[in-house]
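Architecture and fold: a report
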Amino acid sequence: MALSKSFQKGQVPMLCQMCEESNEIKWKCIQCDFLLCTKCQKLHKKVKSTDQHTIIDIKDISSHQQQIKDKLDLSNIQCRIHSEHNCFLFCQSCEVVVCPLCITKIHNKHTMVELAEGYQLTLKSMKTFNSEIEEEIDQNEEVLSELEILKSSEDRKYKLEKQSILNREKKLKDEVEKHTNKLLKELDQRKEILMQSVNNARKRSQKINKDLDLRRKNLNQALNSNIANQVFNIYSEEKISRQQRIVPASPKFKKLPKFVPGKNVVQDFYLGELKESDDDQKIFEFKCLMIKQFKTEFGMVNNLVCCDDRNEEERGRIVALDKTNRVRWIYTGNPDINKKQTMKPQDLVATKSDNIIVTDNYHHMIHILNTTGECIHYLNTKDQLGIHFPFSLDIDSTGTLYIGCNTYESEPNEAKIYTVSGF
């Protein structure tokens, strides 16, 4: 019985908050936060102090609250440079929000638009960024997949080739034991180098994925936040991140050599040899094409600069160091070339696929190394490209190689610069 009385008491209609008599509530004054009957609503609108108040139908209360919630607050965006000022315009030229001081000191004569328009432009750009990151993640996932397939395939191949060597060892027994151990050691070293390269590429790809995923989350969070300050901040951070070009790891590596049995003669070099597969020859086949030639007034072009990074080694070899300054590997030239001439490196540059290009000015040669110091290709620029005395190198973001050359002593000072594609 007590519960029934309580229930009935809870059902008593609310009275108008002005007249406190009528229970026919149909209106609400937003400013006064009063629920009104129709009669009081009319009186409320006639009062001079409240005639500008917003009065809405109680059926529209929820939609009105949602409109207030959705309304973008552009009145309190603090300037990132001048913290004592708020931003009130958007510089379309620089794509940043600006305060009065920004305009006078930095953005004078730039194209300005209202914050609301700038906000929409920023949202559009961020959506584009987000789509591009999604594409990069998909591409990186494909690289990771290829790396996994390569690792699995090369593991199986390693076991098969090792077994082939051991089977051959059985036939030649003690006479070839020394050479067998030599081949196994070489294969193990090659496998270790390959797996190290694959693992490094995997770690790099995973790190790229992690960074891209974080940027995507930040963009999504900003896009869903409806907080202008956060949107502009995340957009600025993303612009800075995008200036740092992301180059996906290459899933292509120089694979393990194949064991080819030798003749059944008791000599150490007839046990067999490790031979590169035909697939590797196709992967590391370079097709270089000279694009353009520039004539200068100098006797030699000894310095080309596209950026601040530049490495030189003029002592007959290339030495690579690790982070602790210990020697990782040393390259003294390709054995096929060294039979006829000694390498004399002049300049080097790294490509976007992490290969290293080295010039040998004296012999008109270019050597292409991978990150483990192996020569994966070389070419005679004089015979193959018509480029004499390749001296200095640089490469731009499109992969175009710039070669600065020396001249013959009998020629005038008109050293040439060539642009070459294929790298």
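Look up: the structure comes first, before these words.
Fair warning: this is a prediction, and the values are worked out from it, not measured in the lab.

The number of helices and strands found in the chain is 10 helices and 18 strands. Residue burial in the chain is summarised as follows: out of 423 residues, 37% are buried. Taking contacts inside the chain between residues at least 6 apart in sequence as the whole, the part at least 24 apart equals 56%. In the form shown here, the chain has an accessible surface area of approximately 26,800 Å², with 49% of it arising from carbon and sulfur atoms.

Bridge count for strand 1 (residues 25–29) against strand 2 (residues 34–37) is 4 bridges, and the pairing is antiparallel. Directly across from Lys-28, in strand 2, lies its bridge partner Leu-35. Following strand 1, the chain reverses through 4 residues before pairing antiparallel with strand 2; Asp-33 in that reversal takes a positive phi of roughly 60°.

Before going further, it helps to examine the packing of aromatic side chains. Throughout the structure, instances matching the rule amount to 4 aromatic pairs. Taken together, a centroid distance of 4.5 Å and an interplanar angle of 70° make the contact between Phe-389 and Tyr-408 edge-to-face. Of the two residues, Phe-389 sits in the loop between helix 10 (381–384) and strand 16 (390–395) while Tyr-408 sits in the loop between strand 17 (401–405) and strand 18 (416–421), which places them 19 residues apart along the sequence. Grouped by ring-pair contacts, the aromatic residues Phe-90, Tyr-119 and Phe-232 constitute a single cluster. Lying across the ring of Tyr-158, Lys-191 places its NZ or CZ 5.0 Å from the centre. One residue, Lys-344, lies across the ring of Tyr-362, its end atom 4.1 Å from the ring centre.

Let's shift gears to helix 2 (residues 38–46). Buried within helix 2 are the following residues: Cys-40, Gln-41 and His-44. For helix 2, the buried positions fall inside an angular range of 105° around the axis, keeping them on one side. Exposed residues pointing more than 90 degrees away from the buried face of helix 2 are listed as Lys-39, Lys-42 and Lys-46.

Right, let's get into the sheet that holds strand 15 (residues 375–380). Two orientations exist for strands paired in a sheet by backbone hydrogen bonds: parallel and antiparallel. The sheet built from 4 strands is open, its strands ordered 12-13-14-15 with antiparallel pairing. Strands with a single pairing partner mark the edges of an open sheet, and in this sheet they are strand 12 (347–350) and strand 15. Geometrically, the sheet is characterised by an average inter-axis angle of 20° between neighbouring strands, direction not taken into account. Relative to strand 15, strand 14 (residues 365–369) is paired through 5 bridges, and the arrangement is antiparallel. Note on strand 15: the bridge partner recorded for Leu-369 is Cys-375.

In terms of nonpolar packing, the biggest core is built from 29 residues, with Ile-77, Val-97, Met-126 and Phe-232 touching the most fellow members. Counting residues per element, the ones that place at least two in this core are strand 4 (89–91), strand 5 (96–98), helix 4 (100–105), helix 5 (115–172), helix 6 (177–225) and helix 7 (228–243). At 7 residues, helix 5 tops the list of elements feeding residues into this core. If we skip the residues at most four places from it in the chain, Met-126 touches Leu-219, Ala-222, Leu-223, Val-231, Ile-234 and Tyr-235. Listed in part, the 17 residues of the second largest apolar core include Leu-147, Leu-194, Met-195 and Val-198.

So, about the sheet that holds strand 6 (residues 112–114). Sheet architecture is open: 3 strands sit in the order 5-4-6, paired in antiparallel fashion. Strands with a single pairing partner mark the edges of an open sheet, and in this sheet they are strand 5 and strand 6. Each neighbouring strand pair of the sheet contributes to a mean axis angle of 40°, computed without reference to strand direction. Both strand 4 and strand 5 contribute to a ladder of 3 bridges, which runs antiparallel. Bridge assignment links Phe-90 to a residue of strand 5, and that residue is Val-97.

A few words on the pairing of strand 10 (residues 318–321). Note on strand geometry: in a regular strand, side chains alternate between the two faces of the sheet. The side-chain alternation of strand 10 yields one buried face, formed by Ile-318 and Ala-320, and one unburied face, formed by Val-319 and Leu-321. In terms of strand pairing, strand 10 meets strand 11 (residues 327–331) through 4 bridges, oriented antiparallel. The residue bridging Ala-320 from the neighbouring strand is Trp-329, located in strand 11. The hairpin turn running from strand 10 into strand 11, its antiparallel successor, is 5 residues long, and Asn-325 in that turn takes a positive phi close to 70°.

What follows is about unusual backbone geometry. In the Ramachandran plot, Lys-109 falls in the positive-phi region, its phi being about 70° despite a non-glycine side chain. By the secondary structure assignment, Lys-109 is in the loop between helix 4 and strand 6. Classification of Lys-109 as exposed rests on a relative accessible area of 81%. We note that His-364 has phi near 55°; this positive angle belongs to a residue other than glycine. Tracing the backbone through its elements, the reader meets His-364 in the loop between strand 13 (356–360) and strand 14. Its relative accessible area of 10% is what places His-364 among the buried residues.

Parameters at a glance
- Residues numbered from 1 in each chain as written.
- Predicted model: local features only at pLDDT ≥ 70, side-chain atom pairs only at ≥ 80, totals over all residues.
- Heavy atoms only, no water.
- Helix = DSSP H or I, 4+ residues; strand = E, 2+ residues; numbered from the N terminus.
- Buried < 20%, exposed > 50% of the residue type's maximum accessible area, 1.4 Å probe, protein only.
- Contact = heavy atoms within 4.5 Å.
- Areas by Shrake-Rupley, 256 points an atom, 1.4 Å probe, with all protein chains shown as cover.
- Pairing = 2+ DSSP bridges.
- Phe/Tyr/Trp six-rings, centres within 6.5 Å; stacked < 30°, edge-to-face > 60°.
- Lys NZ or Arg CZ within 6 Å of the ring centre and 35° of its normal.
- Arc of directions from axis to C-beta.
- Axes fitted to C-alpha atoms, helices over the stretch in contact; angles between N-to-C directions.
- Core = buried A, V, L, I, M, F, W, Y, C linked by side-chain atoms within 4.5 Å.

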